[in-house]
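These are the residues of each chain, in order.
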Amino acid sequence: GGGGASQAGSNGTGSGGGKGGDGTASSISGSSVTYGGGGGGTSYSSNTNWGAGGAGGGGRGGNSSTNAVDGTANTGGTGGGAVDSGLPGNGGSGIVIIRYADSYAAASSTTGSPTITVSGGYRIYQWTSSGSITF
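As the structure is a prediction and not an experimental result, all values here were calculated from the model.

Draft legend 1. Up close: the pattern of salt bridges. Within the structure shown, the criterion is met by 1 salt bridge. Note that Asp-22 is salt-bridged to Lys-19, the shortest N-O span being 2.7 Å.

Structure representation (structure tokens):
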């Protein structure tokens, strides 16, 4: 299985693919979310013991007849591996998060439609697509 942000993936065995490594949990968004999970390993031929994706958006592995699973959107998780004619999974899209004390002024402008929250003494800007911020 592929390595995650905080853990190596496990090795496959004769009966199946290895599990992807787990990602890293972060509370920058105001709640704990795990990002950067590794993709699961592939399973040869028609064996369905493919590796699970790691926590944090890693996709499950596939085999020669079942495509692997994509990484989860907005987590940066890696897609699962595949073998022969099976297709590997695509990596999940990332996310950009900026957090600072809400005692400071809000941004003068943003682009890209970020999600903006003020919670727990912080101002939090989150983008899941291209954007910018100006202070």
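Draft legend 2. Structural view of the sheet that holds strand β3 (residues 96-101). One open sheet accounts for 3 strands, arranged β3-β6-β5; its pairing is antiparallel. A single partner strand is all that each edge strand has here, and the edge strands are β3 and β5 (115-119). Across the sheet, the mean angle separating the axes of adjacent strands is 15 degrees when strand polarity is ignored. Relative to strand β6 (residues 122-127), β3 is paired through 6 bridges, and the arrangement is antiparallel. Looking across to β6, one finds that Ala-101 is bridged to Tyr-122.

Draft legend 3. Summary view of unusual backbone geometry. You will see that Asn-74, though not glycine, has its phi angle at about 65 degrees, which is positive. Tracing the backbone through its elements, the reader meets Asn-74 in the loop between β2 (33-35) and β3. On the basis of relative accessible area, Asn-74 is assigned to the partly exposed category, the value being 27%. Residues other than glycine seldom take positive phi values, yet Ser-113 does so here, at roughly 55 degrees. Within the element layout of this structure, Ser-113 appears in the loop between β4 (109-111) and β5. Here Ser-113 falls in the exposed class, since its relative accessible area comes to 69%.

Draft legend 4. How the structure looks around the environment of Ser-109. In this fold, Ser-109 is placed in strand β4. Residue class for Ser-109 comes out partly exposed when judged on its relative accessible area of 36%. Separated by 23 residues in sequence, Ser-109 and Ser-132 place their C-alpha atoms 8.2 Å apart. Those residues in contact with Ser-109, other than ones at most four positions away along the chain, are Ser-132, Ile-133 and Thr-134.

Draft legend 5. Geometry of the packing of aromatic side chains. Applying the stated criterion across every chain, the model contains 3 aromatic pairs. Consider the rings of Tyr-100 and Tyr-125, whose centres lie 6.1 Å apart with planes at 15 degrees: the pair is stacked. Residue Tyr-100 is found in strand β3, and its partner Tyr-125 is found in strand β6; the two are separated by 25 residues along the sequence. Residue classification places Tyr-100 among the buried residues on the basis of a relative accessible area of 14%. The interplanar angle of 20 degrees and the centroid separation of 6.2 Å between the aromatic rings of Tyr-125 and Trp-127 together place this pair among those described as stacked. Take Tyr-125: its relative accessible area is 2%, and that puts it in the buried class. Residue class for Trp-127 comes out buried when judged on its relative accessible area of 5%.

Quick notes on the rules
Residue positions are given per chain, counted from 1 along the sequence in the order it is written. Owing to the predicted nature of the model, reporting of local features is limited to residues with pLDDT of at least 70; listing and counting of side-chain atom pairs is limited to 80 or more, with chain, interface and lining totals taken over all residues. For the side-chain quantities, the full set of heavy atoms in the structure was used; hydrogens and water were omitted. Here a salt bridge means any side-chain nitrogen of Lys or Arg lying within 4 Å of a carboxyl oxygen belonging to Asp or Glu. Any two strands with at least two DSSP-identified bridges between them are counted as paired. Secondary structure elements follow DSSP: runs of H or I no shorter than four residues count as helices, runs of E no shorter than two count as strands, and numbering proceeds from the N terminus. Interaxial angles span 0 to 180 degrees and are taken between N-to-C directions of axes, which are lines fitted to C-alpha atoms, for helices over the stretch in contact. When a residue's accessible area, from a 1.4 Å probe over protein chains only, is under 20% of the maximum for its type it is buried; when over 50% it is exposed; and in between it is partly exposed. We call two residues contacting when some pair of their heavy atoms lies within 4.5 Å. Here a Phe, Tyr or Trp ring, Trp counted by its six-membered ring, pairs with any other such ring whose centre lies within 6.5 Å, and the pair is stacked when the planes are under 30 degrees apart, edge-to-face when over 60, and tilted otherwise.

Purely spatial values, then, with no claim about function.
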